[in-house]
Amino acid sequence: KQEVTQIPAALSVPEGENLVLNCSFTDSAIYNLQWFRQDPGKGLTSLLLIQSSQREQTSGRLNASLDKSSGRSTLYIAASQPGDSATYLCAVDSNSGYALNFGKGTSLLVTP
Amino acid sequence: SQTIHQWPATLVQPVGSPLSLECTVEGTSNPNLYWYRQAAGRGLQLLFYSVGIGQISSEVPQNLSASRPQDRQFILSSKKLLLSDSGFYLCAWRLQGWNEQFFGPGTRLTVL
């Protein structure tokens, strides 16, 4: 069974810092990996999706990388802002069309 | 553009009462539909998914059930709620043949 782990569980940084969130998964036979953002009490917002054949995806200040062979993905946030404060979730699609396997998330706080 | 709706947004129910949560998707047809539950400290857990009208697959044995009476409508039900059913319920959709999954705003269920 696919296990997804996110480290750290919580992170607090001052505004302007660049930061990296980590995601690891146990089964490298994946179709894709998706990063989400969740604000308190809200649903999930899709940030980036990386296909298994890709190495990285970029959207604005966000860059996600994927190393399938080692079972790792990172989400890089450049020049962090207080509005980036949220929980970031990593999800792996191991069985295309069915379940996403989620990590428990990294709770990010960016202080002014 | 596609949108996904869930209602109610919040619900407080006594133990043993019935439950009906509704999810509808607009702007697409024949989507895959999903119900997830997010409990404190446990991450997102897939409960049910559906690839078409009347086709429901259950991932976790429980006292919940799901139905898909129309192409873009997905309903989560229970005949008798348990305390352990409390949580944040999220509906999601994905186009068949596409990878990215999109989530609704969620329903916060508290069972007392």
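Before reading on, note that the structure itself is shown above.
A. Summary view of the overall build of chain B. A tally of regular secondary structure across chain B gives zero helices and 11 strands. Starting at the N terminus and walking to the C terminus, you meet the elements of chain B as β-β-β-β-β-β-β-β-β-β-β. Taking 2.2 N^0.38 as the reference for a compact globule, 112 residues should give roughly 13 Å; the C-alpha atoms of chain B span a radius of gyration of 13 Å, in line with that estimate. Taken along its principal axes, the extent of the C-alpha atoms in chain B is 40 × 25 × 20 Å. Burial statistics for chain B: of 112 residues in total, 48% are counted as buried. Partitioning the intrachain contacts of chain B with sequence separation of at least 6 by distance along the chain shows that 55% fall at a separation of at least 24. Put simply, chain B shows about 5300 Å² of open surface, and 54% of that area lies on carbon and sulfur atoms. Charge-centre separation for chain B: the mean point of 8 positive side chains lies 8 Å from the mean point of 6 negative side chains.

B. Fine view of the pairing of strand β4 (residues 32-38) of chain A. Residue and element names in this part refer to chain A. For β4, the tally of buried residues reaches seven of seven residues, placing the bulk of the element in the interior. As paired strands, β4 and strand β5 (residues 44-51) are joined by seven bridges and run antiparallel to one another. When the sheet's bridge partners are listed, Asn32 is paired in β5 with Gln51. Between the end of β4 and the start of β5, which pair antiparallel, lie five residues, with Gly41 showing a positive phi angle near 75°.

C. Looking closely at the sheet that holds strand β3 (residues 19-26) of chain B. All names here are of chain B. Judged by pairing direction, the sheet is antiparallel, and its four strands sit side by side in the order β1-β3-β8-β7 without closing on themselves. Taken across any chain shown, the strands that pair with only one partner, and hence form the sheet edges, are β1 (3-7) and β7 (64-70). Each strand of the sheet is rotated relative to its neighbour by a mean of 20°, with strand direction disregarded. Pairing of β3 with strand β8 (residues 73-78) involves six bridges; the strand directions are antiparallel. Looking at the pairing, Leu19 lines up with Ser78 of β8.

D. The arrangement of the environment of Cys23 of chain B in detail. Residue and element names in this part refer to chain B. Following the sequence through the fold, Cys23 ends up in strand β3. For the pair Cys23 and Pro8, spaced 15 residues apart in the sequence, the C-alpha separation amounts to 9.4 Å. Setting aside residues up to four positions removed in sequence, Cys23 forms contacts with Ile4, His5, Gln6, Trp35, Arg72, Gln73, Phe74 and Cys91.

E. Spotlight on unusual backbone geometry. A cis amide bond links Ile7 of chain A to the next residue, Pro8 of chain A, at an omega of 0°. Here Pro8 of chain A lies in the loop between β1 (4-7) and β2 (10-14). For the bond running from Trp7 of chain B to Pro8 of chain B, omega is 0°, close enough to zero to count as cis. Within the secondary structure layout, Pro8 of chain B lies in the loop between β1 and β2 (10-13). Positive phi is not limited to glycine here, since Ala79 of chain A has a value of about 45°. Within the secondary structure layout, Ala79 of chain A lies in the loop between β8 (72-77) and β9 (86-93). Note on Ala79 of chain A: relative accessible area 37%, which makes it partly exposed. The backbone of Asn30 of chain B sits at a positive phi, close to 55°, despite the residue not being glycine. Tracing the backbone through its elements, the reader meets Asn30 of chain B in the loop between β3 and β4 (31-39). The exposure class assigned to Asn30 of chain B is partly exposed, which follows from its relative accessible area of 37%.

Conventions and cut-offs
- Residues numbered from 1 in each chain as written.
- Chains lettered and ligands numbered in written order.
- Predicted model: local features only at pLDDT ≥ 70, side-chain atom pairs only at ≥ 80, totals over all residues.
- Heavy atoms only, no water.
- Helix = DSSP H or I, 4+ residues; strand = E, 2+ residues; numbered from the N terminus.
- Rg over C-alpha atoms; globule rule 2.2 N^0.38 Å.
- Buried < 20%, exposed > 50% of the residue type's maximum accessible area, 1.4 Å probe, protein only.
- Contact = heavy atoms within 4.5 Å.
- Areas by Shrake-Rupley, 256 points an atom, 1.4 Å probe, with all protein chains shown as cover.
- Lys, Arg positive; Asp, Glu negative; His and termini not counted.
- Charge placed at Lys NZ, Arg CZ, Asp CG, Glu CD.
- Pairing = 2+ DSSP bridges.
- Axes fitted to C-alpha atoms, helices over the stretch in contact; angles between N-to-C directions.

The analysis is restricted to geometry; functional conclusions fall outside its scope.
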